[in-house]
Each structure stands twice: as C-alpha cells, then as structure tokens.
Amino acid sequence: MEIAYHLVQTFTCRYDAREDRLLLTLNYQDIEKRVDFWITRSFLMKLIPIFFDYTVHESLLTQPSFSKDEQLPTDTTTYLLMQQHPLMLESVDFQPMEYGTRVVLKNLQKSLFYEARLDQNMMKNFVNLILKSVPKFEWGLYNI
C-alpha cells in the first residue's frame, strides 16, 4: 500500500457531541489534501502529557527560522460543505527540531501521514485549539 504524505497548512477542531469525539480537520480548504480525523477521549489523554512537554518546556524550542502565517478564522460554509468521512487518528509523532517541533499525524489503516512544522507559538496555538474544543467537564479535564 502506498503512503500518502501531505503537509498541513491549516488546523480546525470542534467537538462532535453525537460521536463524543473531537473532529480535527487538516487543510479544510484544499479538497485534495483535506482529512478529517476523529480524536477519542482516551487518545487525547495520551497526548496531553506530550502537549505539556512541548508547550511548557520552551527551552527545547528555539526561535522560528520562518515567518508565521497570520491566523484566520475557519470559513464554516466551506468547512461543512467539503467535510469528508472522518478517519481515526491512530498515531502522532513529535520531534523537536532546530526551529520548533515536527508533528506527524497518522491514520495507519489508510497509510495517511500529515506533517506540520510548528514554531513555538504555532505549537501552543495547535495545543490550545485542541484543548479548547474539549468538553472539559464531561471528559474530566476541567482543570486543564
């Protein structure tokens, strides 16, 4: 099976109450490179310590060597119109790099790999996007 490898340009995250999961959408405006990943509560619980390591221990990260794109709100019309059948987020790799962090989000069943290269501020924004989407009280994460 051939591995599909894409670069991440945008992140969008929302809680789906019906599924009781987070829906993390990568590249929502590019239908060819878009993917919708489900994040379960149990998987998120495994990611939280890693999020903490990469956002609190700033000494691991240096200043970015590239300019950060301005953050724009998600166009909800485009987002909903182009929504795909979500896949389970099965694995996430974090690798410290000279400019920040390399994050690879994966669905192993479909051999999909999405890579994001995030500077310190972008990594914090990524973590905050996910954590702000969580129903904190229902998932027992109200102190985060």
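Above this text sits the structure in question.
Computed from a predicted model, the values in this text were never measured in an experiment. (Residues numbered from 1 in each chain as written. Predicted model: local features only at pLDDT ≥ 70, side-chain atom pairs only at ≥ 80, totals over all residues. Heavy atoms only, no water.)

Caption draft 1: The nonpolar core, seen in detail. Among the nonpolar cores identified, the biggest contains 32 residues, and Phe-37, Leu-44, Leu-105 and Phe-126 are the most heavily contacted of them. Counting residues per element, the ones that place at least two in this core are strand S3 (21-26), strand S4 (35-39), helix H1 (41-56), strand S6 (91-96), strand S7 (101-107), strand S8 (112-118) and helix H3 (120-133). Residue contributions to this core peak at six residues, all from H1. (Core = buried A, V, L, I, M, F, W, Y, C linked by side-chain atoms within 4.5 Å. Buried < 20%, exposed > 50% of the residue type's maximum accessible area, 1.4 Å probe, protein only. Helix = DSSP H or I, 4+ residues; strand = E, 2+ residues; numbered from the N terminus.)

Caption draft 2: Just the environment of Ser-42, in detail. You can see Ser-42 is positioned in helix H1. Once the C-alpha coordinates of Ser-42 and Arg-21 are considered, the two residues, 21 residues apart in sequence, prove to be 9.9 Å apart. Here the side chain of Ser-42 touches Thr-40 through a polar contact of 3.4 Å, side chain to side chain. (Polar contact = N/O pair within 3.5 Å; in protein donor to acceptor, adjacent residues only side chain to side chain.)

Caption draft 3: Region of interest: the environment of Gln-109. Along the chain, Gln-109 turns up in the loop between S7 and S8. As a C-alpha pair, Gln-109 and Met-88 span 21 residues in sequence and 9.0 Å in three-dimensional space.

Caption draft 4: Fine view of the sheet that holds S3. Read from one edge of the open sheet, four strands run S2-S3-S4-S5, paired in mixed fashion. Each edge of the open sheet is held by one strand with a lone partner, namely strand S2 (11-16) and strand S5 (87-88). Of the pairings in the sheet, the one linking S2 to S3 comprises six bridges and is antiparallel in character. Paired with Cys-13 across the strands is Leu-24, a residue of S3. Along the sheet face, H3 touches S2 and S3 and points at about 15 degrees away from the line of S2. (Pairing = 2+ DSSP bridges. Contact = heavy atoms within 4.5 Å. Axes fitted to C-alpha atoms, helices over the stretch in contact; angles between N-to-C directions.)

Caption draft 5: Highlighting the sheet that holds S7. Across the sheet, which stays open at both edges, the four strands sit in the order S1-S8-S7-S6 with mixed pairing between neighbours. The sheet terminates laterally at strand S1 (4-7) and S6, the two strands that pair on one side only. Geometrically, the sheet is characterised by an average inter-axis angle of 20 degrees between neighbouring strands, direction not taken into account. The pairing of S7 with S8 spans seven bridges and is classified as antiparallel.

Caption draft 6: Summary view of the pairing of S8. Counting buried residues in S8 gives six out of seven residues, a clear majority hidden from the surface. As defined by bridge partners, S1 adjoins S8 across four bridges and the pair is classed as parallel. Counted as the bridge partner of His-6 is Tyr-114 from S8.

Caption draft 7: Structural view of the side chain of Ser-91. Of note, Ser-91 is situated in strand S6. The buried category is assigned to Ser-91, whose relative accessible area is 18%.

Caption draft 8: Spotlight on the environment of Ile-130. Examined against the element boundaries, Ile-130 turns out to sit in helix H3. Once the C-alpha coordinates of Ile-130 and Leu-24 are considered, the two residues, 106 residues apart in sequence, prove to be 7.9 Å apart. Setting aside residues up to four positions removed in sequence, Ile-130 forms contacts with Cys-13, Leu-22, Leu-44 and Phe-51.

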